Amino acid sequence: MFLKIMAFVWLFCLPFTAYSRTKSTVKVKGMVCAFCAQGVKKGLSKRPEVSRVSVDLDQMLVHIEYKDGKTLPEQTVKTIIESSGFAYVGLNHEKL
Amino acid sequence: MNRLLVLWLLTFIEISLAHPTSFKGSTGLMSQTTSKRDHYQVNYSHEYYLATGAHLYQDREGDDMRRAGFLSSNFLLFRENSQRFQANLYGIIGAGSSELSGEKETAGLYRIQADIEDRKYYFLINQTGISTKKQRELDQRTIRLGTAPYVGNFEDLHMWLIAEWQESRRFASKPRTEFTPILRLFYQNVLLEIGRSVSGDMKFNTIIHF
């Protein structure tokens, strides 16, 4: 009986864990021009872990949405931002 | 004869006013066209602060087409990334040759460029020189002031209105001053500029980077 209950609970929770995705919000300095900031979007979008990248020039933020169960190390994000010519300030991870 | 060659070269030098360097691994294709001259440029950015450029200049006089080419190293010497603006200082140094009926003249190129921009305003100034072994043959100063009539989001079509003032002194001739209002449009990685100088010369510039 106990095993049946545990199996039922596990099966019930499985869909939620299987579709758990994360998102990063990156703070950047110097990103005033959309033409120049294309390098940030390109550099992040080609990473296999990334599903979507959006750029907010008003707030100088880059939003990164990851594929299921994936994420990028902060150092990798920092390197991509800085190789595009901008200043990396910081990053927040959150679950979607 | 050498002086005529250099004068010919100087009549159509239009140095690209694009960013001399871009994001790491990017390739930039640039063109500047007026009624009588073309300038094509390809830049590859090894790093965001270092690029290699190749330049081709063409001057059209009737059926006669004359060409010159340069290779350049482009440097980002200084950058300030602020919460509200970005300021840059660039340097370019290059070497090349011009040809006429099989004769070649070696020429050197330099440029110093400073610019600052925020979401709504833009200022640029640069000094360009071309020299042969014997002497400096071109001094050119350019100043640009621009403003965005609207501030778009990242994925929007962007527009800038730019006023360009340019003074050129070629060899021993008197300096020539040109004022050109320019309309700039860009969308994602494609930029277009179109302008008409006060003297009536049309200018058309394009930049694509990928």
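Residues numbered from 1 in each chain as written. Chains lettered and ligands numbered in written order. Predicted model: local features only at pLDDT ≥ 70, side-chain atom pairs only at ≥ 80, totals over all residues. Heavy atoms only, no water.

**Student:** A description of the packing of aromatic side chains should follow, citing residues and the corresponding values.
**Tutor:** Taken as a whole and judged by the stated rule, the model has three aromatic pairs over all chains. Measuring from ring centre to ring centre gives 5.8 Å for Phe35(A) and Phe186(B), while their planes differ by 65 degrees; the resulting arrangement is edge-to-face. Of this pair, Phe35(A) sits in the loop between strand S1 (22-29) and helix H2 (38-45) while Phe186(B) sits in strand S10 (residues 176-187), placing the two residues on different chains. With relative accessibility at 8%, the residue Phe35(A) sits in the buried group. Residue classification places Phe186(B) among the buried positions, given a relative accessible area of 4%. Here Tyr122(B) and Trp160(B) contribute two aromatic rings whose centre-to-centre distance is 6.1 Å and whose plane-to-plane angle is 75 degrees, an arrangement assigned as edge-to-face. Of the two residues, Tyr122(B) is situated in strand S7 (residues 121-131) and Trp160(B) in strand S9 (residues 157-170); the sequence distance between them amounts to 38 residues. (Phe/Tyr/Trp six-rings, centres within 6.5 Å; stacked < 30°, edge-to-face > 60°. Helix = DSSP H or I, 4+ residues; strand = E, 2+ residues; numbered from the N terminus. Buried < 20%, exposed > 50% of the residue type's maximum accessible area, 1.4 Å probe, protein only.)

**Student:** I'd love a proper account of the pairing of strand S3 (residues 61-66) of chain A, names of residues and values included.
**Tutor:** The side chains of a regular strand alternate between the sheet's two faces. Residue and element names in this part refer to chain A. Bridge count between S1 and S3: five bridges; the pairing is antiparallel. Considered in S3, the bridge of serine 24 is made with isoleucine 64. As defined by bridge partners, strand S2 (residues 50-56) adjoins S3 across six bridges and the pair is classed as antiparallel. Each residue of the ladder has a partner; that of valine 53, found in S3, is isoleucine 64. Between S2 and S3, which follow one another and run antiparallel, lie four residues, and methionine 60 among them has a positive phi close to 55 degrees. (Pairing = 2+ DSSP bridges.)

**Student:** Describe the layout of surface pockets, and please don't skip the residues or the numbers.
**Tutor:** All names here are of chain A. Approximately 180 Å³ is the volume attributed to the largest pocket. For the lining of the largest pocket, the elements supplying multiple residues, two or more each, are H2 and helix H3 (74-83). Per element, the largest residue contribution to the lining of the largest pocket is three residues, and it comes from H2. Grouping the amino acids of the lining of the largest pocket by side-chain chemistry returns two nonpolar, six polar and four charged. (1 Å grid on protein atoms, 1.4 Å probe; cavity = no way out; pocket = protein on both sides within 12 Å on 5 of 7 lines; lining within 4 Å. Points joined across faces, edges and corners; volume = space filled by probe spheres on them. Nonpolar A, V, L, I, M, F, W, Y, C, P; charged D, E, K, R; others polar.)

**Student:** Which residues make up the interface of chain B and chain A, and what are the values?
**Tutor:** For interface size, the figure often reported is the accessible area lost on association. Taken together, the contact between chain B and chain A spans 27 residues of the former and 24 residues of the latter. Both sides of the chain B and chain A interface together cover about 2,200 Å² of buried area, and 62% of this is carbon and sulfur. Our count for the contact surface shared by chain B and chain A stands at two salt bridges. For Glu155(B), the salt bridge identified is with Lys41(A), shortest N-O distance 2.7 Å. Between chain B and chain A we count eight residue pairs in polar contact (both at pLDDT 80 or more) in total. When residues of the side of chain B that touches chain A are traced back to their parent elements, those giving at least two are strand S4 (64-81), strand S11 (190-196) and strand S12 (202-209) of chain B. (Contact = heavy atoms within 4.5 Å. Buried area = accessible area lost by both parts, 1.4 Å probe. Salt bridge = Lys/Arg side-chain N within 4 Å of Asp/Glu carboxyl O. Polar contact = N/O pair within 3.5 Å; in protein donor to acceptor, adjacent residues only side chain to side chain.)

**Student:** Can you explain the confidence of the model for chain B? Please cite residues and give values.
**Tutor:** All names here are of chain B. In this model, chain B carries an average pLDDT of 85, and 83% of its residues clear a pLDDT of 70 or more. Across chain B, element-level confidence peaks in S11 with a mean pLDDT of 96 and bottoms out in helix H1 (residues 2-11) with 42. Predicted confidence is poor over residues 1-16, with pLDDT under 50, and the contacts of this stretch with residues over four places away or in other chains come to 61 contacts. Note on the complex model: pTM 0.85, ipTM 0.85. (pLDDT = per-residue confidence, 0-100.)

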